[in-house]
Amino acid sequence: MTHPGPDDGPHPGPPPARGLDLAPFRGLRYAAARVGSLAAVTSPPYDVVVRPDGQRHLETADPYNVVRLILPDAETPAEQHRQAARTLAAWRAAGVLAADPRPALYVYEQRDGDHLQRGVIGALRLSPPEAGVVLPHEDVMPGPVADRAALMRATGANLEPLLLAYRDGDATASLVDTTADAREPLLATTTEDGVRHRLWALTDPAEHAAVHADLARRQALIADGHHRWATYRRLQADHPAGTAWDYGLVLLVDTARHPLRVRAIHRVLHHLPVARALDAARPYFRVRPLPGHDLGAALDALAGAAADGTAFLLSGEAGFHLLDRPDLARLDRWVPADRPEAWRRLDATVLHSALLDHIWQIPDSPDRIGYLHTAEAAVQQARRHAGTAVLMHPVRESVVMDLARQGVMMPRKSTSFGPKPASGLVMRSLDLE
């Protein structure tokens, strides 16, 4: 792997010895002339695609849509992974995907209405948790990690970047902004959600060295991609040191310059009718029906209630109900006492520790609980299956970072940072390094 030398200067603040180590790589990208459009071959990250409807929509958008790599459709997981490997090899052989000629760091811009996000994509050296360089804030489940590991092992590729947030990397952030403002992009496309994407390649070794020196003093929060980060580290452990498996594909965003949006991830309880959910919750929460059927107004009511403490919005076959003013004295017996107070009062903590585990007695398994990134999709799915949608209010980024620095994990799927990088704009094939 092409890599600038280490920074031998001082490293003020955490991490004390070594910070982020970002390396250029030869990106694997779609040849625009071989596909219908760049927008038609992109996809949201694999865990955001609503299956099967969203997956089918993407598959029919273009025969070369990247969803055929990140979510291959086959009878068994093993065959899915083999199919993804065959597809990737065939697309490369046909020139649908081609490697850039020189190693690069990639400046990536997303513009969603008046929200502008810019960052740099590269291959990040993997580090152990005790180094304090990359800070997770959510636990992971072994199933998705095993699935992503098998897919990456079969394809020999990082197919979609993680989203990492860091702060105050002035030299890197200035280079990112200057590049986006003054240079012609490699590609520009607008996806069907209205987000405009642009990508530039930084191939100058002097720019690589400047980014490396700047980031060597920084630490980053995993904003999106905990399972893929755990997958990277598992695959690193499975291979000899000093190989391309020591690195993983990431997008780094300086949130001092370009703040991320923080949204909630909602739950759908597939086999719990909303009437039963409400009856079981009444001894522990104030339960109020909300007038009308307008989702926006209901979410506004949730935001108002959440400003005063734990609150949830429940929806089922008809209407919305607000759960607020919890009886904390009764709920606290189920919330672990060995964690900071900020963690114990998180809505997701109360939901999983008290409501799901004890009051509703629902195990956290895919056949019982669905995780959706939009309130609209959660409400629709709950109504379609006569279940219950539990709509959440987002956590502030500062709370997430404070807990992460203490090494305290939030309940999984507590937050949704974004905009998330589109999958398919640039990939990393390990055989190119």
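Our subject is the structure listed above.
The structure presented is a predicted model; accordingly, all values stated were derived computationally and were not measured.

Undergrad: Is there a simple way to explain empty space enclosed by the protein in this structure?
TA: With a probe scaled to a water molecule rolled over the atoms, the places where space remains empty come into view. Within the structure shown, the criterion is met by four cavities of 30 Å³ or more. Approximately 180 Å³ is the volume found for the largest cavity. Around the largest cavity, the lining comprises 18 residues; the ones closest to its centre are Glu 138, Asp 224, Gly 225, His 226 and Lys 413. Residue assignment for the lining of the largest cavity shows that the elements contributing at least two residues are β11 (220-224) and α7 (226-237). Broken down by element, the residue count for the lining of the largest cavity peaks at three residues, all from α7. Considering only residue class, the lining of the largest cavity consists of three nonpolar, seven polar and eight charged. Volume-wise, the second largest cavity comes out at about 60 Å³. Lining the second largest cavity, in full, are Ile 70, Arg 148, Leu 151, Met 152, Ala 157, Asn 158, Leu 159, Glu 160 and Arg 228. Broken down by secondary-structure element, the contributors of at least two residues to the lining of the second largest cavity are α4 (142-155) and β7 (157-158).

Undergrad: I keep staring at the layout of surface pockets and nothing clicks. Help me out?
TA: Quantified by volume, the second largest pocket comes out at close to 380 Å³. What lines the second largest pocket is a set of 17 residues, and nearest its centre among them are Ala 306, Arg 345, Asp 347, Pro 394 and Arg 396. Elements that contribute at least two residues to the lining of the second largest pocket include exactly α9 (295-306) and α12 (347-359). Looking at side-chain class alone, the lining of the second largest pocket contains ten nonpolar, four polar and three charged residues.

Undergrad: I tried to follow the pattern of salt bridges on my own but got confused; where do I start?
TA: A pair can form between side chains of opposite charge whenever their charged atoms are brought close. In this structure the tally under the stated criterion is 29 salt bridges. When the shortest N-O distance is used, the salt bridge between Glu 109 and Arg 198 registers 3.0 Å. With a gap of 89 residues between them, Glu 109 in strand β4 (residues 105-112) and Arg 198 in strand β10 (residues 196-202) connect regions that are remote in the sequence. The residue Asp 224 makes a salt bridge to Arg 228 at a minimum N-O spacing of 3.2 Å.

The rules behind each value
- Residues numbered from 1 in each chain as written.
- Predicted model: local features only at pLDDT ≥ 70, side-chain atom pairs only at ≥ 80, totals over all residues.
- Heavy atoms only, no water.
- 1 Å grid on protein atoms, 1.4 Å probe; cavity = no way out; pocket = protein on both sides within 12 Å on 5 of 7 lines; lining within 4 Å.
- Points joined across faces, edges and corners; volume = space filled by probe spheres on them.
- Helix = DSSP H or I, 4+ residues; strand = E, 2+ residues; numbered from the N terminus.
- Nonpolar A, V, L, I, M, F, W, Y, C, P; charged D, E, K, R; others polar.
- Salt bridge = Lys/Arg side-chain N within 4 Å of Asp/Glu carboxyl O.

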